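If you want the building blocks of each chain, they are given just below.
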Amino acid sequence: MHLDVAFGTLFNLLTDPYLIGLMLIAVPLGAFFGAMPGLGGKLGVVLLIPFVFGMEPIAGAVLLLTMHSVVHTGGSIPSILFGIPGDGTSTAVVLDGYEMTRNGEGGRALGASFGASGIGGVLGAVFLGMLLPVLEPIVLAFSPAEFFLLAILGITFIATLSGKNVVKGLVLGLLGLMVAFVGLDPSTGGPRYTFGHLFLWDGIDIITAVLAMYAIPEMIALGSGQGAVDYGDGASKRYKISEVWDGILDVFRHWKLTLRTSLIGAVIGLIPGLGGDAASWICYGHAVQSSKTPERFGKGAVEGVIAPETANNSKEGGALLPTLFFAVPGSSGMALLLGAFLMLGIQPGPTIVTENLDLVWTLIWALAVANVLCVVILVALTPWLGSLANVRPPLLIPFVLVFALLGSYLSSAAWENLILIFFLGCLGYMCRRHSWPRPPFVIGVVLGPVAEDSLHKALALWGPSFFLRPLSLILIAMIIGSIVFYVWRTRRENALEGIGHD
Amino acid sequence: MTEGRIVTAGLMFAFFTSAVGIALIYFPEGARMLPLVVGIPGVFLSAIQLVSELRRKESKEISPEVRAGEIKMIIWFFSFASTIIFLGFTYGSPVMIAAYLHLAAKEKWYTVLIGAALAWSVLEFVFTRGIGIVIYEGIIPPMFVVY
């Protein structure tokens, strides 16, 4: 293990006022966007993308990752105080967090949530750091053949994990791949789907696709009144820091649960597509099952806050692994980060281990430090957290639209992107409105070039026999396994529904 | 009125059939392989989805207010994009932010002015002068302003 690099980068991060300053800006911003129902952390990252242009790759990546990593911590605030999840991943916290608030223990619930998020985030980063030496030889053993199959596996995983909409998920995943084929063909050099427009020769950039699929549809929905929130009686109440501190101590009182759910969350984060909802619900279920008094859950049990919150933040450590080392983003948030990394000149993939280990360790430490900073900042802000109910998210709509357009323009310095983002944004809104899962599209756009490039290289090196390489066979088995798992799950669900009807 | 879910599924089917058609007709052999490998399953899957949407009877009703709000927001988004294309970010953004805050959000005049000034300041002082990025100038301003 490269201990010198590992601890050298931590020292550099902590002693660099510029990087720490960026983190101090990103943490409250990330927590704020996470805490505002209808906005969400992805929009925060979207807003920051234009600001990282011209930054050093490490500084830009630290800024964006810091913001992304604390979003879930902020997301728990409205879940606990108002019973309204800030984002999808904070839904599990509502069950006991909001009950605690109704029982007069809102401050303690907040403390448990902050403490659990902080520790989960740090342990997730440690998990990633510890996997690094194990992973290095595996990553380096991957050839273009395996990268092609890995890209296919990533799309299959995400599509089959798109809930009941697997056909829709697959269609959008394939559409994402088709969008990625726009531009010059790498083998013949001829233009594909460019319709005579020069700006399309470089392809449709990831940032534009992600902004169109996420930022724009959310703003249209928010502006058309679909994100209206009623904060109820919990609004504007003040909470004491002593109550919050009691909640933080709860995390240490339940240290075994904290450790277990952190580990479960980090492992779930490794699996592309499984993501936050699954991590928090699985860990909530684990907390109920492992409790000696499961009847307390749903009525204000502090473990019901600790378990999903640790998982929510620890999964980010796990999710960074496929994103950085295989360029396979496990979620739409990671796809957004991956696009931003590419824009900053950081090339995720196996070579990052050999060529950019400093950056990898800096990001791992940034993940850990951001979570600690977030706890400190949110604890200090506790008395005013109830005032979040006074913020009017619709006021931010025009600013988000402007910055989304700016991010899209800057990503390839082409004004034509402003036209492209309009049409893709409308498509994104239709998908949102009619329950087409959008993550497979983004993953398709991200993985399309990787898949195509790897396929051409693999065919040039081994011909079609590349499918018979040992690692290829394992990946093919995993692709088939994920489809079989989906079929099995669907049949089981149908059977259970049948029993329910009888 | 044709339901949006059918239109969405139909659009997907149209995308894939056109993409496969274009690949078959216009692309040389080497360049068409992956578009066909991806596009043909796309045609089949989107056709399955379209048929299932056409057969489905039940549909979620949405309120006329939400539908009107959606159309308004899409028009607003179009206005933002087109104004910025013509006026550029430095001039187009404050204009559109002020227009949105005044007309759609019904904000007080000082909120409108602060919003527009904030947008202009960030674009001018943070991006143009601070970071040193050349942001899009638009079609119209270069005709009148010498940069």
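Everything below is about the structure printed above this text.
Residue numbering note: each chain is counted from 1, following its sequence as written. Labels are handed out in written order, letters beginning with A for the chains and numbers beginning with 1 for the ligands. Local features in this predicted model are restricted to residues of pLDDT 70 or higher, and side-chain atom pairs are both shown and tallied only at a pLDDT of 80 or more, whereas totals for entire chains, interfaces and linings draw on every residue. By convention in this description, side-chain values take in all heavy atoms of the structure and omit both hydrogens and water.

Colleague: Please set out the overall build of chain A residue by residue, giving values where relevant.
Modeller: By definition, any uninterrupted DSSP run of H or I lasting at least four residues is a helix, any uninterrupted run of E lasting at least two residues is a strand, and each is numbered from the N terminus. Each helix and strand in chain A was counted, giving 20 helices and two strands. Based on the C-alpha atoms only, the size of chain A along its principal axes is roughly 70 × 60 × 45 Å. The classification of residues rests on relative accessible area computed with a 1.4 Å probe and restricted to protein chains. Under 20% of the type maximum is buried, over 50% is exposed, and intermediate values are partly exposed. Per-residue burial for chain A yields a buried fraction of 61% across its 502 residues. Here the analysis covers contacts within chain A between residues at least 6 apart in sequence; of these, 79% occur between residues at least 24 apart. Areas reported here follow the Shrake-Rupley algorithm with a probe of radius 1.4 Å; residue values treat only the protein chains shown as occluding. Carbon and sulfur atoms make up 67% of the accessible area of chain A, which amounts to about 18,200 Å² in all. Two residues qualify as a contact provided that any one of their heavy atoms is within 4.5 Å of a heavy atom in the partner residue.

Colleague: Pulling in residues and values, what's your account of the overall build of chain B?
Modeller: Within chain B, the secondary structure is distributed over five helices and zero strands. Starting at the N terminus and ending at the C terminus, chain B contains elements arranged as α-α-α-α-α. By its C-alpha atoms, chain B is 55 × 45 × 25 Å across when sized along the principal axes. For chain B, buried positions account for 41% of its 147 residues.

Colleague: Give a description of the packing of aromatic side chains that names residues and reports values.
Modeller: Here is the rule: rings of Phe, Tyr and Trp (six-membered ring for Trp) pair when centre to centre is within 6.5 Å. Planes less than 30 degrees apart are stacked, more than 60 are edge-to-face, and the remainder are tilted. In total, this model carries 23 aromatic pairs over all chains according to the counting rule given. An aromatic cluster of three or more residues is present, and its members are Y409 and W415 of chain A together with F89 and Y136 of chain B. In this structure, R469 of chain A is placed above the aromatic ring of W462 of chain A, and the distance from its NZ or CZ to the ring centre is 4.3 Å. Placement of a positive charge over a ring is assigned whenever Lys NZ or Arg CZ falls within 6 Å of the ring centre and within 35 degrees of the normal to the ring plane.

Colleague: So what about helix α16 (residues 357–381) of chain A? Which residues, and what values?
Modeller: A rise of 1.5 Å per residue sets the reference length of α16 of chain A, with its 25 residues, at 36 Å; its end C-alpha atoms lie 36 Å apart and thus fit the reference within 8%. Burial analysis of α16 of chain A places 20 of its 25 residues in the buried class, the great majority of the element. Working rule for helices: expected span equals 1.5 Å times residues minus one.

Colleague: I'd like a description of the interface of chain A and chain B, backed by residues and values.
Modeller: Where interface size is quoted, it is often the accessible area lost as the parts come together. Listed by partner, the interface residues are 56 residues for chain A and 59 residues for chain B. Here the quantity called buried area is the accessible surface, traced with a 1.4 Å probe, that two parts lose on coming together, added over both. Overall, the association of chain A and chain B removes approximately 5,000 Å² of surface from exposure, summing both partners, and the carbon and sulfur fraction of that is 85%. Of all residues in chain A, Y193, F399 and F422 of chain A bury the most surface against chain B, accounting for 11% of the area lost on that side. Should a side-chain nitrogen of Lys or Arg be within 4 Å of a carboxyl oxygen of Asp or Glu, the pair is scored as a salt bridge. The interface formed by chain A and chain B includes two salt bridges. Between R433 of chain A and E70 of chain B there is a salt bridge whose closest N-O contact spans 2.3 Å. Any pair of nitrogen or oxygen atoms within 3.5 Å is treated as a polar contact; in protein, a donor-acceptor pairing is required on top of that, and neighbouring residues in sequence qualify only through side-chain atoms on both sides. Here chain A is connected to chain B by five residue pairs in polar contact (both at pLDDT 80 or more). Sorting the residues of the side of chain A that touches chain B by element identifies α3 (41–52), α8 (166–180), β2 (191–192), α9 (206–223), α17 (397–412), α18 (417–433) and α19 (439–462) of chain A as the ones contributing at least two each. Amino acids outside the nonpolar list (Ala, Val, Leu, Ile, Met, Phe, Trp, Tyr, Cys, Pro) and the charged list (Asp, Glu, Lys, Arg) are all regarded as polar, and Gly is one of them. Looking at side-chain class alone, the side of chain A that touches chain B contains 43 nonpolar, seven polar and six charged residues.

Colleague: Requested: an account of the nonpolar core, with residues and values cited.
Modeller: As used here, the term nonpolar core means buried Ala, Val, Leu, Ile, Met, Phe, Trp, Tyr and Cys residues forming a set that is joined through side-chain atoms within 4.5 Å. With 208 residues, the main nonpolar core has F325 and F441 of chain A together with F89 of chain B as its most contacted residues. Broken down by element, this core gets its largest block of residues, 18 residues, from α16 of chain A. Beyond its immediate chain neighbours, meaning those up to four positions away, F325 of chain A contacts L128, L132, L135, V139, F147, G349, P350, I352, V353 and V360 of chain A.

Colleague: Outline helix α4 (residues 109–131) of chain B, supporting the account with residue identities and numerical values.
Modeller: Residues that lie three or four places apart on an α-helix share one face, since the helix turns once every 3.6 residues. Residues and elements named next belong to chain B. Taking 1.5 Å per residue as the helical rise, α4 with its 23 residues ought to reach 33 Å, and the 31 Å between its terminal C-alpha atoms agrees with that figure. V112, G115, A116, A119, V122, L123, E124 and F127 are the residues of α4 that are buried. Just downstream of α4, G132 is the residue with a positive phi angle, here 80 degrees.

Colleague: Give a detailed account of the environment of S117 of chain A, specifying residues and quantitative values.
Modeller: Residues and elements named next belong to chain A. Relative to the assigned elements, S117 resides in helix α6 (residues 106–141). Residue class for S117 comes out buried when judged on its relative accessible area of 0%. When neighbours within four sequence positions are excluded, S117 is seen to be in contact with T73, E309, N313 and N371.

Colleague: Can you lay out the side chain of S411 of chain A for me, pointing to particular residues and giving the numbers?
Modeller: Residue and element names in this part refer to chain A. Locating S411 in the fold gives a position in helix α17. Given a relative accessible area of 18%, S411 falls into the buried group. A distance of 2.8 Å separates a polar atom in the side chain of S411 from a polar atom in the side chain of D205. Only 2.6 Å separates the side chain of S411 from the backbone oxygen of S408, close enough to count as a polar contact. Apart from the residues within four sequence positions on either side, S411 is in contact with F53, D205, I207, T208 and N417.

Colleague: Got a sec to walk through the packing of α6 of chain A against helix α11 (residues 255–270) of chain A? Specific residues and values, please.
Modeller: All names here are of chain A. Axis definition: a line fitted to C-alpha atoms, limited for helices to the stretch in contact. Angles are taken between N-to-C directions and run from 0 to 180 degrees. Between α6 and α11, the least distance of the axes is 9 Å, while the angle of their chain directions is 55 degrees. Regarding the angle of α6 to α11, the classification is oblique. When the axes of α6 and α11 are compared, the crossing they make is right-handed. Taking contact as the criterion, the partners of I119, G120, L123, G124, F127 and L131 in α6 are, on α11, T258, L259, S262, L263, A266, V267 and L270. For this classification, under 35 degrees means roughly parallel, over 145 means roughly antiparallel, 65 to 115 means roughly perpendicular, and everything else is oblique. Whether a crossing is left-handed or right-handed is set by the direction in which the near helix is turned from the far one by less than a right angle, anticlockwise for left-handed and clockwise for right-handed.

Colleague: Any details on the pattern of salt bridges? Residues and values, ideally.
Modeller: All names here are of chain A. Inspection of every chain in the model, using the stated rule, returns 19 salt bridges over all chains. Where E99 meets R102, a salt bridge forms, and the shortest distance between an N and an O atom there is 3.7 Å. Of the two residues, E99 and R102 both sit in helix α5 (residues 91–102), three residues apart, roughly one turn of that helix. Overall, the relative accessible area of 22% leaves E99 in the partly exposed class. One salt-bridge network, held together by shared partners, links E105, R108, D246, D250 and R253.

Colleague: Break down the side chain of D96 of chain A for me, with residues and values.
Modeller: Residue and element names in this part refer to chain A. Take D96: it is sitting in helix α5. At a separation of 2.8 Å, a polar atom in the side chain of D96 contacts the main-chain amide nitrogen of A301. If we skip the residues at most four places from it in the chain, D96 touches Y284, R296, F297, G298, K299, G300, A301, G304 and V305.

Colleague: Which residues make up unusual backbone geometry, and what values do they have?
Modeller: Residues and elements named next belong to chain A. With a phi close to 55 degrees, Y193 is a non-glycine residue in the positive phi region. Residue Y193 is classed as buried on the basis of its relative accessible area of 8%. Residues other than glycine seldom take positive phi values, yet S435 does so here, at roughly 60 degrees. Mapped onto the elements of the fold, S435 is located in the loop between α18 and α19. On the basis of relative accessible area, S435 is assigned to the partly exposed category, the value being 35%.

Colleague: Can you break down the packing of helix α4 (residues 57–82) of chain A against helix α14 (residues 332–343) of chain A residue by residue, with the values?
Modeller: Residue and element names in this part refer to chain A. Relative orientation of the contacting elements α4 and α14 amounts to 170 degrees, with a least axis distance of 10 Å. Between α4 and α14, the interaxial angle falls into the category roughly antiparallel. Of the residues in α14, those touching α4 at A61, L64, L65 and H68 are G333, M334, L337, A340 and F341. Looking at side-chain class alone, the contact of α4 with α14 contains seven nonpolar, two polar and no charged residues.

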